[in-house]
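The residues making up each chain are set out below.
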Amino acid sequence: MSGIPATLSRMETKTTPNQPLRGRICLVAGATRGAGRAIAVQLGTAGATVYVTGRTTREKVSEVGRATETIEETAELVTAAGGEGVAVPTDHLDPAQVEALVARIDRERGRLDVLVDDVWGGEHLIGGVFGKKTWEIDLADGLRMLELGVRTHAITTRLAAPLLIRHPGALLVEVTDGTAAYNGTRFRENVFYDLAKNAPIRMAFGLGKELAEHGGTAVCVTPGWLRSEQMLAGFGVTEENWRDATAEVPDFAVSESPAFLGRAVAALAADPDRARWNGLSTSSGELAKEYGFTDTDGSRPDAFGFIIAGETGTPKVDDYR
């Protein structure tokens, strides 16, 4: 293909055991903070080139209102980890911006190997919808959750898929809260949140059918109890002293760092037999058991296993770490 810049020469670079994704081109949609940032960094650690998107930049803050986390910083962390980070400010509710993003990746790299759809940014709405019936929730807040958690994913997948399927072996990862097995028998707080978090599971299921025809794989992945920046701030702790919060909430001991989920996605991307996960939903805890990675502290937390066990008994925290 003519017009592809020299950066594509990275595709010819041999992978190593420590960097099995060297030469892969990835897009992490929604990588400003939390899960998305950690996934991008772990893909970079594995040697990938990672385009990271989001609405908060060093010049502009999104409705989430956290100016301390930006996509530029995420890109720098990816590069520092051993990959190549590229920050592209993108509002994934705007099809024109997503089209421009995909066109840029095509122009600069000529391919897309991994698409991680982690767009969310609805945490600031949770306080207004949790604990309320559907008819008690402000309609604008409920619909905004669906825009952020469903419409963004649909727009991104539709517009990036043609580039993703250009080469066999592509991986699409939908990120959500809860697995099909867990969400399928439990009502997730209220109708709006329930829809927002179940939609990515169905998307991965359906896209798995479609991508398989092109040698691709779609998987939905959920973290357990994620120690995101916002979660830590809510407890008044940092990642360095997060265990202090267990004095107030002992169950917080089964929480996981964002890096744990990042390692899960990187392990999936590096697995030559990843098609066995096609159309399924899984958790960082389940993938850790399968691939043998641990969290940054050497633990292997299984928050959903702990929660499920707690519905019928009194599980010990230490058994799920």
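Preceding this paragraph is the structure being described.
Presented here is an overview of the structure given in this document. (Residues numbered from 1 in each chain as written. Predicted model: local features only at pLDDT ≥ 70, side-chain atom pairs only at ≥ 80, totals over all residues. Heavy atoms only, no water.)

## Some remarks on the packing of aromatic side chains
Think of a pair of aromatic rings as described by two things: how far the centres are apart, and how the planes are tilted against each other in angle. Put simply, the test is: Aromatic pairing here means that ring centres of Phe, Tyr or Trp (its six-membered ring) are within 6.5 Å. Orientation follows from the plane angle: under 30 degrees is stacked, over 60 is edge-to-face, and everything else is tilted. Put simply, DSSP marks the helices as runs of H or I at least four residues long and the strands as runs of E at least two long, and each gets a number from the N terminus on. Throughout, exposure labels follow a simple rule: accessible area from a 1.4 Å probe, protein chains only, divided by the maximum for the residue type, with under 20% read as buried, over 50% as exposed, and the rest as partly exposed. Whether a charge lies above a ring is judged from NZ of Lys or CZ of Arg, which has to be within 6 Å of the ring centre and within 35 degrees of the ring normal.
Within the structure shown, the criterion is met by ten aromatic pairs. Between tryptophan 242 and phenylalanine 252, the ring centres sit 5.8 Å apart and the planes meet at 85 degrees, which makes this aromatic pair edge-to-face. With a gap of ten residues between them, tryptophan 242 in the loop between α8 (229-235) and α9 (258-270) and phenylalanine 252 in the loop between α8 and α9 connect regions that are remote in the sequence. Given the relative accessible area of 0%, phenylalanine 252 is considered buried. Both rings, one in tryptophan 277 and one in tyrosine 291, keep their centres 6.5 Å apart while their planes meet at 40 degrees; by these two values the pair is tilted. Taken together, the residues span a long stretch of sequence, with tryptophan 277 in the loop between α9 and β7 (281-283) and tyrosine 291 in helix α10 (residues 284-291) at a distance of 14 residues. Chaining the aromatic ring pairs together yields one cluster made of Trp225, Phe235, Trp242 and Phe252. Against the face of tryptophan 120 rests lysine 197, its NZ or CZ located 3.6 Å from the ring centre.

## Regarding a nonpolar patch on the surface
Applied cut-off: Exposure above 30% relative accessible area and no salt bridge define the residues that can form patches, which grow by joining like charges within 9 Å and nonpolar side chains of Val, Leu, Ile, Met, Phe, Trp and Tyr within 5 Å. In this description, accessible areas are obtained by the Shrake-Rupley approach with a 1.4 Å probe, and a residue is regarded as covered only by the protein chains that are shown. Any Lys or Arg side-chain nitrogen found within 4 Å of a carboxyl oxygen on Asp or Glu counts as a salt bridge.
A contiguous nonpolar surface patch, about 280 Å² in accessible area, is contributed by Phe187, Val191 and Leu195. For leucine 195, the position within the fold is in helix α7 (residues 191-212). For leucine 195, a relative accessible area of 44% gives the class partly exposed.

## Observations concerning unusual backbone geometry
Here glutamate 189, not a glycine, exhibits a phi torsion of approximately 75 degrees, which is positive. Secondary-structure assignment places glutamate 189 in the loop between α6 (180-183) and α7. Overall, the relative accessible area of 40% leaves glutamate 189 in the partly exposed class.

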